[in-house]
Amino acid sequence: MPSYKAPLDDVRFLLTDVFQIDRYNNLPGFSDASPDVREAILAEAAKLSEEVLQPLNRVGDLEGCTRHDDGRVTTPKGFKEAFKQLAEGGWLGLSMPEEYGGQGLPVTLSQTTSEFQMSANMAFSMYGGLTQGAIAALLVHGKPEQKKMFVPKMVAGQWTGTMNLTEPQCGTDLGLLRTKAVKQADGSYRITGTKIFISGGEHDLTENIIHLVLARIEGAPAGIKGVSLFVVPKVLVNPDGSLGPMNGVSCGSIEHKMGIHGNSTCVINFDGATGWLIGEENKGMQAMFVMMNEARLGVAVQGLAQSEVAYQNAAAYARDRLQGRSLSGPKAPDKPADPIIVHPDVRRTLLTIRAFNEAARAMVVWTSLKSDVAHRSDNQKDREAADDHMGLMTPVLKGVLTDFGFSNAVLAQQVFGGHGYIAEWGMEQFVRDARIAMIYEGANGIQALDLVGRKLPRGGGRAAMAFFAEVAAFAKDHGADEAMQPFLTPLSTALGHLQQATMWLMQNGLAKPDNAGAGATDYMHLFGLVSFGYMWARMVKVAQDKIAGGESTPYLTSKLVTGRFFMERMLPATALHLARIQTGSDTTMELPAEAF
């Protein structure tokens, strides 16, 4: 059976030493997250994840969710009790506003603890994750009465939330949706239509589910410009906050999926259900994008989380599994064979995963801090810069972390050999669960197109230029440090590749859009690798300084070795991505459709 331990040492190192979270104490909520408070929260989050959620991961995978004849859905054994613990512990409201019952602590803290939950039990974590996204959309675009009615009970975990976008005929192209909304005399709307792939669409964890639904008001313009967003509760709510009659919302079926069996992915039917407009008519995508951006960051963390838990189990297996002898001579002569950790290719596999995990975790913390600045700072310039960063990095995080997360789960499975293919070891579940993260909340090809087509040119390329300048400044500031040269030289080379790719796309993508489309995924991964390289350079600098100050620990020396591995064995892939981008789209687009 697989196991999991929250990476507390790594999180502490990032929060305290690399990003120095206490420097942000001028922002609301940060001074409340003192070192003692952070330590208590991280320790309790680890305990919940390791002792309550992780043991249910296999249970959820085997049992799945059950739809009953009356449309009710029951979740796997233990999920309801675990969700009650999650809610009562205040985990859903960790970074939510205090006026709605939250604790008002930094998003940075809630993102780090959510990684623990996702590693321990990805399917379970989705119920709370989507609820937090729905809360975010309501807080930004909801009317005061909507916030008062729905948000406190969602923050408390009494109710959960969903997002209802996809329909059988439309996924990415939401302009094709057919769900309709008919305005009533009292200002409400009747919502009719069918949505598919709705995570947590129906379940028994809470007494109500608050659906956020995209629909088209009668007479609205065609396409995406005519889409509005509505809040549609499963159970209608009386003016005093008590529950009223059931709404016209039902689960038609549960999808039979490759993974995340413990999450109820439903077909949801709206049969004249009562809903209320969120925000303005025909401006639904603006409101939904708040939730989608929250969800995309959460999905990025899912990629990291599955990579982390897969790594931990592969590393433990490699230390124990006896097979063959070391190429340089026996390392365990008293045993019939050496543990496979002695073999270079096994170490290459494990270091590839680990080097990603530690860089990706740093990126998540870095970007979470930017999110806190964007939402909490009273300095307009700081908010704008942080918002630029979020816009640029969201598709990179979602696309690159989930691509790597899946491939790393496969690599970790490979360490087990044939045992990795057998269900009882748990590795094949990590592979199956990780796969969805590349698909939902905007498939990764769409993330790449969003990066190249929308986020890169936004504001005249202001965000990308700021990122290039920050990385270059770091390399320059530490250029005289001889110990940093093995890290700064490859980072500067990789940054040059990214700048060349950006210039090539600017020169060749506008005149011939297929050039941008053909190179988008390579560009996204190139951007991700340079970002990882920057994270490694920052982590290594801190580790070197701490060691020089007399704090030499196995953790810190491992940082230096893992960072060198990334620079030597992974970062050079930026040259490959650049070469691919510069080939353009001619060969990609040459064959006629019927030739495929």
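Here, every reference points to the structure presented above.
Participant: Hey, could you run me through the pairing of strand S6 (residues 208–217) in this one?
Facilitator: Along a regular strand, successive side chains alternate from one face of the sheet to the other. Among the 10 residues that make up S6, 10 are buried, leaving the element largely enclosed by the rest of the structure. Of the two faces of S6, the one holding Asn 208, Ile 210, Leu 212, Leu 214 and Arg 216 and the one holding Ile 209, His 211, Val 213, Ala 215 and Ile 217 are both buried throughout. Here strand S3 (residues 159–164) runs beside S6; their pairing, made up of 6 bridges, is parallel. Looking across to S6, one finds that Thr 160 is bridged to Ile 209. In terms of strand pairing, S6 meets strand S7 (residues 228–233) through 6 bridges, oriented antiparallel. Note that in S7 the partner of Ala 215 across the bridge is Ser 228.

Participant: Quick question: what am I supposed to make of the environment of Leu 397 here?
Facilitator: Mapping Leu 397 onto the fold places it in helix H9 (residues 380–415). For Leu 397 and Gly 528, which are 131 residues apart along the polypeptide, the C-alpha to C-alpha distance reads 7.4 Å. Residue contacts for Leu 397: discarding those within four places in its chain leaves Leu 297, Ala 300, Met 363, Thr 367 and Thr 402.

Participant: Even after reading the chapter, I still don't get unusual backbone geometry, so can you show me in this structure?
Facilitator: Phi is positive for Gln 20, which is not a glycine, with a value near 45 degrees. Along the chain, Gln 20 turns up in the loop between helix H1 (8–18) and helix H2 (35–63). By relative accessible area, which is 37% here, Gln 20 ends up partly exposed. Of note in the backbone geometry, Glu 441 takes a positive phi value of approximately 60 degrees without being a glycine. Take Glu 441: it is sitting in the loop between helix H10 (427–435) and helix H11 (444–455). Given the relative accessible area of 16%, Glu 441 is considered buried.

Participant: Where do I start with H2 in this structure?
Facilitator: Every α-helical turn comprises 3.6 residues, leaving residues that sit three or four positions apart pointing alike. With 29 residues, H2 extends 40 Å between its outermost C-alpha atoms, agreeing within 8% with the 42 Å of an ideal straight helix rising 1.5 Å per residue. At Leu 53, H2 shows its largest kink, close to 40 degrees, and the proline Pro 55 lies no more than four residues downstream. Of the residues flanking the end of H2, it is Gly 64, one or two places downstream, whose phi is positive at about 65 degrees.

Participant: Looking at this model, I keep getting lost on H10. Mind explaining?
Facilitator: The element H10 is extensively covered by neighbouring structure, given that 8 of its 9 residues are classed as buried. Within the sequence span of H10, burial applies to Met 427, Glu 428, Gln 429, Phe 430, Val 431, Arg 432, Asp 433 and Ala 434. Buried-residue contacts for H10 involve H2, helix H5 (122–141), helix H7 (284–320) and H9.

Participant: Looking at this model, I keep getting lost on the packing of H9 against H10. Mind explaining?
Facilitator: For any two helices packed against each other, the geometry is given by the interaxial angle and the distance between the axes. At a closest axis distance of 9 Å, the pairing of H9 and H10 adopts a crossing angle of 170 degrees. What the angle tells us is that H9 and H10 run roughly antiparallel. Considering only the axes of H9 and H10, their crossing is left-handed. Together, Gly 405, Phe 406, Ala 409, Val 410, Ala 412 and Gln 413 of H9 and Met 427, Glu 428, Phe 430, Val 431, Ala 434 and Arg 435 of H10 make up the contact between the two elements. Looking at the contact of H9 with H10, its residues break down into 8 nonpolar, 2 polar and 2 charged.

Participant: Where do I start with the packing of aromatic side chains in this structure?
Facilitator: In this description, an aromatic ring pair is defined by two values, namely the gap between the centres and the angle between the planes. One pass over the full model with this rule turns up 21 aromatic pairs. A ring pair is formed by Phe 79 and Phe 124, whose centres lie 5.4 Å apart and whose planes are at 80 degrees; its orientation type is edge-to-face. Here Phe 124 lies in helix H5 and Phe 79 lies in helix H3 (residues 79–88), a separation of 45 residues in the sequence. Across the pair, exposure class does not vary: Phe 79 and Phe 124 are buried alike. A ring pair is formed by Trp 366 and Tyr 534, whose centres lie 5.7 Å apart and whose planes are at 75 degrees; its orientation type is edge-to-face. Within this pair, whereas Trp 366 is found in helix H8 (residues 344–376), its partner Tyr 534 is found in helix H14 (residues 513–548), the two being separated by 168 residues in sequence. Here Trp 366 matches Tyr 534 in class, with each residue buried. Through pairs of rings, three or more aromatic residues link up here, namely Trp 366, Phe 467, Phe 468, Phe 474, Tyr 523, Phe 527 and Tyr 534. Between Arg 435 and the ring centre of Phe 406, over which it is positioned, the NZ or CZ distance is 5.4 Å.

Criteria and thresholds
- Residues numbered from 1 in each chain as written.
- Predicted model: local features only at pLDDT ≥ 70, side-chain atom pairs only at ≥ 80, totals over all residues.
- Heavy atoms only, no water.
- Buried < 20%, exposed > 50% of the residue type's maximum accessible area, 1.4 Å probe, protein only.
- Helix = DSSP H or I, 4+ residues; strand = E, 2+ residues; numbered from the N terminus.
- Pairing = 2+ DSSP bridges.
- Contact = heavy atoms within 4.5 Å.
- Expected span 1.5 Å × (residues − 1).
- Bend = angle between axes of the 7 residues up to and from the residue.
- Axes fitted to C-alpha atoms, helices over the stretch in contact; angles between N-to-C directions.
- Parallel < 35°, antiparallel > 145°, perpendicular 65-115°, else oblique.
- Left-handed = near helix turned anticlockwise from the far one by under 90°.
- Nonpolar A, V, L, I, M, F, W, Y, C, P; charged D, E, K, R; others polar.
- Phe/Tyr/Trp six-rings, centres within 6.5 Å; stacked < 30°, edge-to-face > 60°.
- Lys NZ or Arg CZ within 6 Å of the ring centre and 35° of its normal.

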